[in-house]
Every structure is written in C-alpha cells, then in structure tokens.
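What follows is the residue order along each chain.
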Amino acid sequence: MKLRILLALAALAALFCAEAAPLVDAMRGPTPITGTTEPPRLGNAVNDDNRLPRNYSYQPPIIPHRIDGYQVDKNFNKCLDCHAREKTDFSQAIPVSATHYIDRNGKVLDHISTRRYFCKQCHVAQEGVPPLVGNVFRGDPADAASAPKK
C-alpha cells in the first residue's frame, strides 16, 4: 500500500516538473509552443520556368512557376488551363502525363482521372528556401535518368 502511494506521488511530482519546463519544437526555434512567433517574410517565389531534374524515378516534377491563387477544387482546376493535352499547343506548357488519364482499374479515360485531378497533392511549387530539417539524401542521377518520360 505504501509503495503504491509513493509511486503515485512520484508520478504526480514528475507530471508537475514536466509542466514547469516549456515545450519547445526545434523547427520553431527557442520560442515555446505556447508562445507566438513572427512568421518568416515571404520572398519572391521562383518563377523562371526552369525545370529542375528529378532526384529519383517516379518523383513528381516540381512546378517551376508561381501558383499562388490557383483554384484547384472539385469545380475547377486552373492548372488544366495550360497543361491539359488539348491546350499545350497554344500554351507551350508540359502536357499532363498519360498516367493521369488511367483510373484505379487500369482503364484509359478520355479525361483526367479523379484520383489525379488535384495536382498539388503531389506537385509542389519550387521555392528558394532552406530546408527545415537537415537531410543528406542524394538521389542517384542514373535512377532519375531512367524515370519514365511523362
């Protein structure tokens, strides 16, 4: 009985001590999670249309132009104004990959598959910002070179 009381008191003491130390997330810097931080100022987005090489096969290409304000929802997809296959002759944009016209059962469709319709699920805009966490991954250039052309 005394052992249980001592363990309960020790648990309570540990709980109070843990609450006394502020919770800090390394990506927020030294400011505790409960504190307010100043968000970083947004710079100019990359908008040079220079396509970066892929790091590994099947990596979705990075978007080399601004997309802020693009509407991509169930009613409209701004990306398709330029990247739809029937519009690329005029826009000179890279056409949507043929893989985006295949449904989950392998059937080839005459329109973009609903599972590939929301572009920003896989494709991200290119930004000139430092990484939030360290990363030493370097893709194999031979692997990226062997990626299927889309």
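Quick caveat, the model's predicted, so the values are computed rather than measured.

Draft legend 1. Molecular detail of the nonpolar core. Grouped together as the largest cluster of nonpolar side chains are six residues: L80, A84, V96, Y101, I112 and Y117. Contact partners of I112, with chain neighbours within four places excluded, come to L80, V96, H100, Y101 and Y117.

Draft legend 2. Here's a closer look at the layout of surface pockets. If you add up the space inside the second largest pocket, you get close to 510 Å³. The wall of the second largest pocket is formed by 15 residues, among which N55, Q59, I62, P131 and N135 lie closest to the centre. Taken together, the residues of the lining of the second largest pocket break down into nine nonpolar, four polar and two charged.

Draft legend 3. Quick peek at the packing of aromatic side chains. Summed over all chains, the structure comprises two aromatic pairs. Centroid distance Y56 to F137: 6.5 Å. Interplanar angle 75°. Geometry classified as edge-to-face. Residue Y56 is located in the loop between helix 1 (2-20) and strand 1 (72-73), and its partner F137 is located in the loop between helix 3 (88-91) and helix 4 (141-145); the two are separated by 81 residues in the primary sequence. A relative accessible area of 36% means that Y56 is categorised as partly exposed. Geometrically, the ring pair formed by Y117 and F118 is edge-to-face, given 5.1 Å between the ring centres and 90° between the ring planes. By relative accessible area, which is 17% here, Y117 ends up buried. For F118, a relative accessible area of 32% corresponds to the partly exposed category.

Draft legend 4. View of the environment of A93. Inspection of the secondary structure assignment puts A93 in the loop between helix 3 and helix 4. For A93, a relative accessible area of 18% corresponds to the buried category. Considered as a pair, A93 and C82 are 11 residues apart in the sequence and their alpha carbons are 6.0 Å apart. In this view, A93 contacts C82, H83 and T88; residues no more than four positions away in its chain are not counted.

Cut-offs used in this document
Residues numbered from 1 in each chain as written. Predicted model: local features only at pLDDT ≥ 70, side-chain atom pairs only at ≥ 80, totals over all residues. Heavy atoms only, no water. Core = buried A, V, L, I, M, F, W, Y, C linked by side-chain atoms within 4.5 Å. Buried < 20%, exposed > 50% of the residue type's maximum accessible area, 1.4 Å probe, protein only. Contact = heavy atoms within 4.5 Å. 1 Å grid on protein atoms, 1.4 Å probe; cavity = no way out; pocket = protein on both sides within 12 Å on 5 of 7 lines; lining within 4 Å. Points joined across faces, edges and corners; volume = space filled by probe spheres on them. Nonpolar A, V, L, I, M, F, W, Y, C, P; charged D, E, K, R; others polar. Phe/Tyr/Trp six-rings, centres within 6.5 Å; stacked < 30°, edge-to-face > 60°. Helix = DSSP H or I, 4+ residues; strand = E, 2+ residues; numbered from the N terminus.

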